[in-house]
Amino acid sequence: MSAIYDRVALIGLGLIAGSMAHAIREGGLAREVVGYARSAETRETAREINLCDRIVDSAAEAVADADLVVLAVPVGAMAAVAADIAPHLKPGATVTDVGSVKQSVIDAVAPHIPQGIHFVPGHPLAGTEHSGPRAGFASLFRNRWWLLTPLPDTDPAAVDRLTDLVRAMGAKTDRMEPAHHDLVLAVTSHAPHLIAFTMVGVADHLRRVTDEEVVQYSAAGFRDFTRIAASDPTMWRDVFLHNKDATLDILGRFTEELFVLQRAIRMGDGQQLFDYFTRTRAIRRGII
Ligand code: NAD
């Protein structure tokens, strides 16, 4: 595959940027991949494992002469990073981000993007519970969705070029309105994560069941909850703080339905439980 970009700068060298570095370099999708992370320790690790062609010690140096700049830091850090790099961006460059929330990232980042730079926000729907520079791997995005949420005035050629890169890394792409993205992700990812965090917290607080019993006798459901609940706390704190309205909307509906089922159990209303589970089973069968 020939290079899609000349130079790609990755800001933040965790799971997502690390996976991009592997995929881009293995696929020959850029002539050079330059990386920067805020912590000296992360940069050192990235150098040790040869994550990028070059690891530099400032964001300004990373973005100099880059055709594509990827903001791969926690959602709450996006604005500060955008402000930091703005004066150093090459005219005509594209800036994208990989944040799990889109509207608040756009609101925070877009005002810093100078004229002549294309901002194309995005979100790969791919991840693991691992974080940091050693967590990345080239196949993370294979057959996973990568949603792009371009603004109405974004240059279509810049969106197409980023789409080419994302597809070359093995992902499927779609475009979405940022606010709609946030609602969809609140249902499919953010609220389920919160429920998993809560369930693991509940198990931890039970005094009559030991932690060993919880681990030893956990069936697939709870095992998956513990895996999800091991995800990076900074990332998930920022997701909830920045997708507040959509998450609260979904959690409100979830709580209402939970109360209905709770009452059915208390009242011994087997028919209501059966009907509810029949409906949810049909939904699953309809989408798989
Ligand atoms: P991570 O914790 O593995 O890595 C984050 C990196 O950013 C770290 O290297 C950290 O040192 C660096 N960093 C933090 N603040 C910084 C700053 N101010 N300047 C420069 N570097 C900074 O996180 P990740 O999983 O790669 O997530 C990165 C982004 O991708 C987040 O916005 C997250 O919402 C999004 N995302 C994560 C997943 C997932 O499942 N992990 C999936 C899709 C999108």
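Note that the coordinates shown come from a computational prediction; the quantities given were computed from them, not determined experimentally.

## Focus on the pairing of strand β8 (residues 145-148)
Pairing between strand β7 (residues 122-124) and β8: three bridges, direction antiparallel. Of the residues in β8, the one forming a bridge with G122 is L148. Bridge count for β8 against strand β9 (residues 172-175) is four bridges, and the pairing is parallel. By the bridge assignment for β9, W145 is matched with K172. Chirality of the crossover, the property in question, places the unit of β8, helix α6 (residues 156-168) and β9 among those that are right-handed.

## What about the sheet that holds β9?
Strands sit in the order β7-β8-β9 across an open sheet of three strands; the sheet is mixed. Of all the strands in the sheet, just β7 and β9 have a single pairing partner and so form its edges. Within this sheet the neighbouring strands show an average axis-to-axis angle of 20°, counted without direction. Of the strands in this sheet, β8 and β9 are in contact with α6, which crosses β9 at around 150°.

## Re the pattern of salt bridges
With the rule as written, the count across this model stands at 15 salt bridges. For R7, the salt bridge is made with D65, and the minimal N-O distance between the two is 3.5 Å. Of this pair, R7 sits in strand β1 (residues 5-11) while D65 is found in the loop between α3 (59-63) and β4 (68-71), placing the two residues 58 residues apart along the sequence. A relative accessible area of 14% places R7 in the buried class. Looking at D65, the relative accessible area reads 44%, which means it is partly exposed. When the shortest N-O distance is used, the salt bridge between K90 and D65 registers 3.7 Å. Residue K90 is located in the loop between α4 (78-85) and β5 (94-97), and its partner D65 is located in the loop between α3 and β4; the two are separated by 25 residues in the primary sequence. Of the residues examined, K90 reaches a relative accessible area of 25% and is grouped as partly exposed. When salt bridges that share partners are traced, they join R7, E32, R54, D65, D67 and K90 into one network.

Rules used in this analysis
- Along each chain, the written sequence defines residue order, and numbers are assigned to residues from 1.
- Confidence filtering applies because this is a predicted model: local features only for residues at pLDDT of at least 70, side-chain atom pairs given and counted only at 80 or more, and all residues used for totals across whole chains, interfaces and linings.
- Side-chain metrics rest on all non-hydrogen atoms present in the structure, leaving aside hydrogens and water.
- Here, a strand pair is defined by DSSP locating no fewer than two bridges between the strands.
- Segments assigned H or I by DSSP are reported as helices when at least four residues long, segments assigned E as strands when at least two residues long, and all are numbered from the N terminus.
- Viewed with both strands pointing away, a crossover whose connecting path from the first strand over the helix to the second turns clockwise is right-handed.
- A fitted line through C-alpha atoms serves as each axis, taken over the contacting stretch for helices, and the angle formed by two N-to-C directions is quoted from 0 to 180°.
- What makes two residues a contact is simply this: any of their non-hydrogen atoms within 4.5 Å.
- Should a side-chain nitrogen of Lys or Arg be within 4 Å of a carboxyl oxygen of Asp or Glu, the pair is scored as a salt bridge.
- Burial status follows relative accessibility: with a 1.4 Å probe on protein chains alone, a residue under 20% of its type maximum counts as buried, one over 50% as exposed, and anything between as partly exposed.

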